[in-house]
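Below are the chains, spelled out letter by letter.
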Amino acid sequence: MKKPQLLALLLLLQGCTTVVHDGGKSQVNEGEFQVVMPPFLNATDNENAGQALTQLTGSILLEYRIPLYQTEEIVSKTADDSAPKQELRYLQIARDNKATYLLVGTVHEYRYKSDLSANPAVGITLRLVNVADGRTAWQGSTSKVGHVYSSLTSTAQKAVRDLVSKIPLKVNP
């Protein structure tokens, strides 16, 4: 393989990956606020969509240094059709653990489109609930469609990162 071809291949491959890593170099100021995030409601045909977007959102919240409270009990559950009852249960878990907010989500699209291009499409809604009074403090929705050779995961990361960046929670350095 000639050098120009190798260089072109390396540039192409670099555009196909997304790596996010946070070494946790600085600590979040505890006591300011804490977020409990239960599994997201899955309103798609993909049985893994809720779990996948819940995990991605957790990673991105930590990337933005938003203190996240999760336990195996919370993470291992899957949201079902009885979401209102589940939300009350998670609100009580948040209160019991002195969290400030409950972040609930719904995945409404997580698939490869069925048109000729078969691009990945992701749609998600997040709602931040004030634990003290149960009122919605913030709500946002986004959808993203990937482009040529995009993966479903990288498209989901972009959608979630875009939405999390708009959550009005700020951590003091």
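Our subject is the structure listed above.
These remarks concern the structure in this document. (Residues numbered from 1 in each chain as written. Predicted model: local features only at pLDDT ≥ 70, side-chain atom pairs only at ≥ 80, totals over all residues. Heavy atoms only, no water.)

## Quick word on the nonpolar core
Here's step 1: Within the largest apolar cluster, 28 residues are counted, with the highest numbers of intra-cluster contacts made by Leu53, Leu126 and Ile167.
Here's step 2: At the level of elements, α2 (49-63), β4 (101-112), β5 (120-130) and α5 (152-164) are the ones that each hand at least two residues to this core.
Here's step 3: Among the elements that take part in this core, α5 stands out by supplying six residues, more than any other.
Here's step 4: For leucine 53, the residues in contact, after removing those within four places along its chain, are Phe40, Val107, Tyr110, Val122, Ile124, Ala156 and Val160.
Here's step 5: Judged by nonpolar contacts, the second largest core, of 10 residues, contains Tyr90, Ile93, Ala94 and Leu102. (Core = buried A, V, L, I, M, F, W, Y, C linked by side-chain atoms within 4.5 Å. Buried < 20%, exposed > 50% of the residue type's maximum accessible area, 1.4 Å probe, protein only. Helix = DSSP H or I, 4+ residues; strand = E, 2+ residues; numbered from the N terminus. Contact = heavy atoms within 4.5 Å.)

## Remarks on the environment of alanine 43
Here's step 1: Considering the arrangement of structural elements, one finds alanine 43 in the loop between β2 (41-42) and α2.
Here's step 2: Sequence separation of alanine 43 and isoleucine 124 is 81 residues, and the distance between their C-alpha atoms is 9.7 Å.
Here's step 3: Contacts of alanine 43, omitting those with residues within four sequence positions, involve Thr106, Val107 and His108.

Note that every value here comes from positions in space, so none of it alone points to a role or purpose.
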